[in-house]
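Residue-level structural notes
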Amino acid sequence: MLNNITLGQFFPGESFIHRLDPRTKILLTIAFLVCVFISRGFLGFGLIVAFIYMCAKVARIQLKFIFRGLKPIAVIVIITFLLNLFMSAGKDVLWKWGILSISVQGIKNAVFMALRLILLVTGTQLLTLTTSPIRLTDGLESLFLPFSKIGFPAHELAMMMSIALRFIPTLIEETQKITRAQKARGADFESGSLIKRAKALLPLLVPLFVSAFRRADELAMAMEARCYRGGKGRTKMRPLRYGRKDLYALCCVILLAGLILVTNASGIGVI
Amino acid sequence: MGIDVRHLSYTYNPGTPFETKAVDDVSFEIRDGEFVGIIGHTGSGKSTLIQHLNALIEPTSGSVLVDGEDINFSKNKTSLRRRIGLVFQYPEYQLFEETVLKDVSFGPKNIGKTEDECLSAARQALQLVGLSEDSWEKSPFELSGGQQRRAALAGVLAMQPEVLILDEPAAGLDPSGRKEILNIIRRIHSYGTTVVMVSHSMDDVARLCDRIIVMEKGKKVMDGTPAEVFSCVEELEAMGLKPPSAALLAKRLKQRGIDINDGIYTLADLADELKNRLGGIKKGA
Ligand SMILES: Nc1ncnc2c1ncn2[C@@H]1O[C@H](COP(=O)(O)OP(=O)(O)OP(=O)(O)O)[C@@H](O)[C@H]1O
Ligand SMILES: [Mg+2]
């Protein structure tokens, strides 16, 4: 059960995309999302699909990992599809039953909206698949740093996020170990009434909390022993630096946006 | 009750970039009354292997048979886990109850014993591990590390298992705590319990076990009596394992031309052997 929680689902690698500055990737992902929204027709979507495919190839990520991330939103995609299918008003009605009707326009809308959702998610997948959670937090911290002038706790949030990211796998492993240890003593977590099952969690939760607090304590001490006192004046071991490759990536996305605007203007495949 | 392991393999995170083959086609049999030691370099798959022995992990392929029945198809896993007790590494992290006595009776309670039976089993187990009576009503979190270890061990013993499996029972204890825990295990074995013990310490294994299984990179590479296994000093060193100090010393002495019998691996035996040999030389000189 716990094995299925893939955290940030980072897929390690050394490709061009992996090595991009995380800030570049975050900003370009936002730009990519805008591209998906401004595209008004299927031709634009074709370009976006080609772009995603190209990125996946460059990053050496198998397409199945990208599709795997679509499972959680499958229900939303289907609902969106059905709502648009039945609810959009069109002239050339193909089928009608009460207030429900399907028109050619409706079919086009439904496919378009479903595709849009899928593309939005696959695009963001590329970011999380190619950026380790720690780099991602680094990037976010650096992007939000200007806002700390108006009291936004950018460093503190980033530190909390890195610590959480660092310890979630540890805690998952620990949960697994304690579960097994109690099972070895005959504990049963899987059967019985709801109340019985909730009670059965006690032998799991108590040791888990004890160890989480112990770890927190030890970490705080270890950080203080190494003179941690917040973000002020703290330097980075690997400072983020924009490089030439970030410029290339920016050009690619600008090109994509330009092409989409052209297809919009040309009117081919626009719905 | 024998445990029969057949072509057991286990892979963590199959189909992802983090795929690890932790156990690779391992077969062996554990017979009644044996004291088996499992040794191997860190990451060689020892902990993964032993968790298969009471169905806590389902094998990727292969099977574990107990009394001729594949335990992964057995319906009553709880009763199986009562008969095959497993003590994890650092078992003190599994303590949770308000008092030591209650914690130790958690196991018996789970297998459906009555309140009285639970308490008497718990008391018996606590006596067996030598925890004095005044600590029974204390919170387990108040005990010292070594005492916690013994309380956790008692938690498994209270179910009166026929086979006891221990993962590094002495890890992280000071020398006297180590000795005590190992003595307890030796005593449990002498009462007729089959024992399987994973250990990093060759000296401990040499002293206690009557059979040793050596694991490397998920595979079983040696299986035999301590004398057989520890005569392969070079192979063990190649795997990054340090043979017992007595076996090493015996080998060095032999290289210096002192004639010592093969198959000596405990300090006591080596001392006897040397007494005989050197005593003889002195007389002759
Ligand atoms: N929960 C897990 N998820 C993924 N891989 C794991 C997990 N537990 C162990 N492994 C991997 O499986 C392999 C065998 O691990 P295992 O813990 O069985 O070794 P071990 O012989 O007990 O080592 P040690 O002597 O350090 O306790 C290692 O490569 C380890 O990284
Ligand atoms: Mg281990």
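The preceding data block contains the structure.
Below is a summary of the structure that appears in this document. (Residues numbered from 1 in each chain as written. Chains lettered and ligands numbered in written order. Predicted model: local features only at pLDDT ≥ 70, side-chain atom pairs only at ≥ 80, totals over all residues. Heavy atoms only, no water.)

**Observations regarding the site of ligand 1**
Residue and element names in this part refer to chain B. Our working rule: Only a single heavy atom is needed: when it lies within 4 Å of a molecule or strand, its residue is near that molecule or strand. Polar contacts here mean pairs of N or O atoms no more than 3.5 Å apart (in protein, one a potential hydrogen donor and the other a potential acceptor; neighbouring residues in sequence count only if both atoms are side-chain atoms). Here the accessible surface of atoms and residues is derived via Shrake-Rupley with a 1.4 Å probe, and residues count as covered only by protein chains that are part of the display. Strands are runs of DSSP state E lasting at least two residues, helices are runs of H or I lasting at least four, and both sets are numbered from the N terminus onward. Classes in brief: Ala, Val, Leu, Ile, Met, Phe, Trp, Tyr, Cys and Pro nonpolar; Asp, Glu, Lys and Arg charged; the others, Gly included, polar.
The local shell around ligand 1 holds 14 residues, among which Thr42, Gly43, Lys46, Ser47 and Thr48 are the closest. At 2.5 Å, a side-chain N or O of Thr42 approaches an oxygen atom of ligand 1. At 3.0 Å from an oxygen atom of ligand 1 is found a main-chain nitrogen or oxygen belonging to Gly45. For ligand 1, whose free accessible area comes to 630 Å², the fraction covered by protein is 69%. Top element by residues in the shell around ligand 1 is helix H1 (residues 46-52). It accounts for 3 residues. Along the lines of polarity and charge, the residues of the shell around ligand 1 split into 2 nonpolar, 11 polar and 1 charged.

**Focus on the sheet that holds strand S9 (residues 211-216) of chain B**
Residue and element names in this part refer to chain B. What counts here: Two strands qualify as a pair provided that DSSP identifies no fewer than 2 bridges between them. To obtain each axis, a line is fitted to C-alpha atoms, and for helices this fit is confined to the stretch in contact; angles are then taken between N-to-C directions over 0 to 180 degrees. Should any heavy atoms of two residues lie within 4.5 Å, those residues are counted as being in contact.
Spatially, the 6 strands line up as an open sheet ordered S6-S7-S8-S3-S9-S10, and their pairing is mixed. Edge positions in the open sheet fall to strand S6 (84-87) and strand S10 (219-224), since each of these has one partner strand only. Sheet twist, expressed as the mean angle between neighbouring strand axes with direction ignored, is 15 degrees. Bridge count between strand S3 (residues 35-40) and S9: 5 bridges; the pairing is parallel. In the strand pairing of S9, Gly40 is matched with Met215. Most of the contacts of helix H7 (residues 175-190) go to strand S8 (residues 194-198), to which it runs at about 150 degrees, and overall it touches S3, strand S7 (163-167) and S8.

**Concerning the packing of helix H8 (residues 154-184) of chain A against helix H10 (residues 202-225) of chain A**
All names here are of chain A. Put simply, the rule is: Whether a crossing is left-handed or right-handed is set by the direction in which the near helix is turned from the far one by less than a right angle, anticlockwise for left-handed and clockwise for right-handed.
Contact geometry for H8 and H10: axes closest at 10 Å, N-to-C directions at 145 degrees. Like other packed secondary-structure pairs, H8 and H10 cross with a definite hand, here right-handed. When H8 is examined against H10, the residues Met159, Ile163, Phe167, Thr170, Leu171, Glu174, Thr175, Ile178, Thr179 and Gln182 are found in contact with a partner set consisting of Pro203, Leu204, Pro207, Leu208, Ser211, Ala212, Arg215, Leu219 and Met223. Here the residues of the contact of H8 with H10 sort into 12 nonpolar, 5 polar and 2 charged.

**Overview of H7(B)**
Residue and element names in this part refer to chain B. Using the following cut-off: Working rule for helices: expected span equals 1.5 Å times residues minus one. Throughout, exposure labels follow a simple rule: accessible area from a 1.4 Å probe, protein chains only, divided by the maximum for the residue type, with under 20% read as buried, over 50% as exposed, and the rest as partly exposed. It is the directions from the helix axis to the C-beta atoms that the arc portrays.
Its 16 residues give H7 an end-to-end C-alpha distance of 22 Å, which sits within 8% of 22 Å, the value for a rise of 1.5 Å per residue. Within H7 the residues assigned to the buried category are Gly177, Ile181, Leu182, Ile184, Ile185, Ile188 and His189. One side of H7 carries all its buried residues, which in axial view fall inside an arc of 150 degrees. The exposed residues of H7 that point more than 90 degrees off its buried face are Pro175, Lys179 and Ser190. The secondary structure elements touched by the buried residues of H7 are S3, helix H5 (115-128), helix H6 (145-157), S7, S8 and helix H8 (202-208). Gly192, located one to two residues past H7, shows a positive phi value of around 110 degrees.

**A word on helix H3 (residues 42-59) of chain A**
All names here are of chain A. Its 18 residues place the ends of H3 25 Å apart at the C-alpha level, agreeing with the 26 Å of an ideal helix rising 1.5 Å per residue. Looking at the buried positions of H3, the neighbouring elements they touch are helix H1 (16-19), helix H2 (22-38), helix H4 (63-68), helix H6 (104-130) and helix H11 (244-266). After H3 finishes, the residue Arg60 shows a positive phi value of roughly 55 degrees.

**Remarks on unusual backbone geometry**
At Cys227(A), a position not held by glycine, the phi torsion is positive, near 65 degrees. Structurally, Cys227(A) can be placed in the loop between H10 and H11.

**Description of the pattern of salt bridges**
Threshold: Salt bridge criterion: a side-chain nitrogen from Lys or Arg within 4 Å of a carboxyl oxygen from Asp or Glu.
Enumeration over the complete set of coordinates arrives at 25 salt bridges over all chains. Measuring nitrogen to oxygen at the nearest pair gives 3.1 Å for the salt bridge that ties Glu141(A) to Lys236(A). Here Glu141(A), found in helix H7 (residues 133-144), pairs with Lys236(A), found in the loop between H10 and H11; they are 95 residues apart in sequence, far enough to count as distant. The class for Lys236(A) is partly exposed, based on a relative accessible area of 38%. As a salt-bridge pair, Asp259(B) and Arg277(B) come within 3.3 Å of each other at their nearest N and O atoms. Of the two residues, Asp259(B) is situated in the loop between helix H11 (245-255) and helix H12 (267-284) and Arg277(B) in helix H12; the sequence distance between them amounts to 18 residues.

**Digging into the interface of chain A and chain B**
Going by this rule: Note on definitions: buried area is the accessible-area loss of two parts on being combined, 1.4 Å probe, summed for both.
With 20 residues of chain A at the contact, the number on the chain B side is 23 residues. Taking both sides of the interface into account, the surface hidden between chain A and chain B amounts to around 2000 Å²; carbon and sulfur atoms contribute 63%. Considering only the surface of chain A that becomes buried against chain B, Arg180(A), Ala184(A) and Arg185(A) emerge as the three largest contributors, covering 38% of it. Viewed at the interface, chain B and chain A are joined by 1 salt bridge. Taking the shortest distance from any N to any O, the salt bridge between Arg185(A) and Asp103(B) comes out at 3.1 Å. Our enumeration of links across chain A and chain B arrives at 5 residue pairs in polar contact (both at pLDDT 80 or more). Sorting the residues of the side of chain A that touches chain B by element identifies H8 and H10 of chain A as the ones contributing at least two each. No other element matches H8(A), which puts 7 residues into the side of chain A that touches chain B.

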